[in-house]
Amino acid sequence: MNIPKSHPRYESLKTRELVVSGIKRGTTSLHGLTAHGRGEAFDYLLGEKTNDFAKKSIEAAAAVLLNAKHPVISVNGNTAALVPKELIILSNLLNASLEVNIFHPSKKREIKIKNHLIKNGAKNVLLPDKKYKIKFLESNRKYVNPDGILKADVVFVPLEDGDRTEALIKNGNKVITIDLNPLSRTSQKATITIVDNIVRAMPLLIKKVKQFEKYNHNELKKIIKDYNNKKILKIALKTIKKL
Ligand code: ATP
């Protein structure tokens, strides 16, 4: 669809179009549309901008990712449609694997997501392996790759569902998410929640990782120690309530 640049909702419509393209390509599930719609509603309430509280979470996320021994970036149908290039840039910067993980079981869609990332420049993309699973999770998302999430210490799971976030935490992982809904179970359970639109947050996260690359271990630790996710979520909710 050709969206005129002068349209007052150009950015939002363009982003929505990316999800629709994902569905046409077969990488995004139809359910991804409702998830995106929920995100759009919260984005409206948050002023469709990266708020200061989100900038703090982005800094903490960059520090945790750089401090990780084995960070992994989990990719679902919506993230692959919205920010494929940014996922790859982040994975290269951190030397972190990209691992496909989706809720609605479909080997075909997993492979399509992998191919989409490869087409966008990824060198290697891990797929879940039914021989390996994490504990405390019943859904399809329990299956993991032995070289990826199974041995990760930090898992980046943008646009996630709450069950898996909780399970990853119980399995001993630190979990970083991007989620526009500060009330979602994911937001509430994650170690770090970036309450922002993924299309705005990813370039900023990449920028912070590049900046913090020069920091030493103690400087990164200080940023992590000073961060309080509960406080950030409270500020995000207050921002919505003030409207
Ligand atoms: P939970 O299980 O965590 O309570 P949920 O059932 O709402 O969450 P899903 O539908 O699996 O979760 O995930 C979608 C989440 O991603 C929603 O919270 C939605 O607000 C958020 N989201 C959707 N699109 C975006 C986007 N572009 N940027 C950031 N967050 C988004």
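Residues numbered from 1 in each chain as written. Predicted model: local features only at pLDDT ≥ 70, side-chain atom pairs only at ≥ 80, totals over all residues. Heavy atoms only, no water.

**Q** Can you tell me about the site of the ligand, naming the residues and giving the values?
**A** Taken together, 18 residues surround the ligand, and among them Arg 38, Gly 162, Asp 179, Arg 185 and Thr 186 come closest. The backbone of Glu 160 places a nitrogen or oxygen atom 3.4 Å from an oxygen atom of the ligand. Arg 185 has a polar side-chain atom sitting 2.7 Å from an oxygen atom of the ligand. Expressed as a share of its isolated accessible area of 640 Å², the protein-covered part of the ligand is 87%. (Near = heavy atom within 4 Å. Polar contact = N/O pair within 3.5 Å; in protein donor to acceptor, adjacent residues only side chain to side chain. Areas by Shrake-Rupley, 256 points an atom, 1.4 Å probe, with all protein chains shown as cover.)

**Q** Account for the sheet that holds strand β6 (residues 154–156), naming residues and giving values.
**A** Across the sheet, which stays open at both edges, the six strands sit in the order β3-β2-β1-β6-β7-β8 with parallel pairing between neighbours. The sheet is open, and its two edges are formed by β3 (125–126) and β8 (192–194), each paired on a single side. Sheet topology note: the strand β2 (residues 97–100)/β3 ladder contains two bridges and is parallel. Within the sheet, the bridge partner assigned to Glu 99 lies in β3 and is Leu 126. (Pairing = 2+ DSSP bridges. Helix = DSSP H or I, 4+ residues; strand = E, 2+ residues; numbered from the N terminus.)

**Q** Lay out the pattern of salt bridges in plain terms, naming residues and giving numbers.
**A** Counted according to the given criterion, the structure contains 15 salt bridges. The residue Asp 196 makes a salt bridge to Arg 200 at a minimum N-O spacing of 2.7 Å. The class of Arg 200 is partly exposed, set by a relative accessible area of 21%. With a shortest N-O distance of 2.6 Å, Lys 222 and Asp 226 are connected by a salt bridge. We note that Lys 222, like Asp 226, is exposed. One network of salt bridges, in which partners are shared, links Arg 141, Glu 160, Asp 161 and Arg 164. (Salt bridge = Lys/Arg side-chain N within 4 Å of Asp/Glu carboxyl O. Buried < 20%, exposed > 50% of the residue type's maximum accessible area, 1.4 Å probe, protein only.)

**Q** If you had to explain helix α11 (residues 229–241) to someone new, which residues and values would you point to?
**A** Counted at 1.5 Å a residue, the expected span for α11 with its 13 residues is 18 Å, and the 18 Å between its end C-alpha atoms agrees. In this fold, the buried residues of α11 make contact with α2 (31–45), α3 (52–67), α8 (185–189) and β8. (Expected span 1.5 Å × (residues − 1). Contact = heavy atoms within 4.5 Å.)

**Q** How would you sum up the packing of α3 against helix α10 (residues 217–225)? Please name residues and give values.
**A** Their axes nearest at 9 Å, the elements α3 and α10 cross at an angle of 135°. Judged on the interaxial angle alone, α10 and α3 are oblique. Once α3 is placed against α10, the crossing between them reads as left-handed. Contact residues: Glu 59, Ala 60, Ala 63, Val 64, Leu 66 and Asn 67 in α3; His 217, Leu 220, Lys 221, Ile 223 and Ile 224 in α10. A per-class count over the contact of α3 with α10 returns seven nonpolar, two polar and two charged. (Axes fitted to C-alpha atoms, helices over the stretch in contact; angles between N-to-C directions. Parallel < 35°, antiparallel > 145°, perpendicular 65-115°, else oblique. Left-handed = near helix turned anticlockwise from the far one by under 90°. Nonpolar A, V, L, I, M, F, W, Y, C, P; charged D, E, K, R; others polar.)

**Q** Would you mind going over the environment of Ala 236 in detail, with residue names and values included?
**A** If you trace the backbone, Ala 236 turns up in helix α11. Between the C-alpha atoms of Ala 236 and Glu 99, which are 137 residues apart in sequence, the distance is 29 Å. In this view, Ala 236 contacts Leu 46, Phe 53, Pro 182 and Val 195; residues no more than four positions away in its chain are not counted.

**Q** An account of the environment of Asp 153 is requested, with residue identities and associated values reported.
**A** Here Asp 153 shows up in the loop between β5 (143–144) and β6. Along the primary structure Asp 153 and Lys 49 are separated by 104 residues, whereas in three dimensions their C-alpha atoms are 31 Å apart. For Asp 153, the contacting residues outside a window of four places in its chain are Ala 68, Lys 69, His 70, Pro 71, Gly 172, Asn 173 and Lys 174. A distance of 2.7 Å separates a polar side-chain atom of Asp 153 from the backbone nitrogen of Lys 69.

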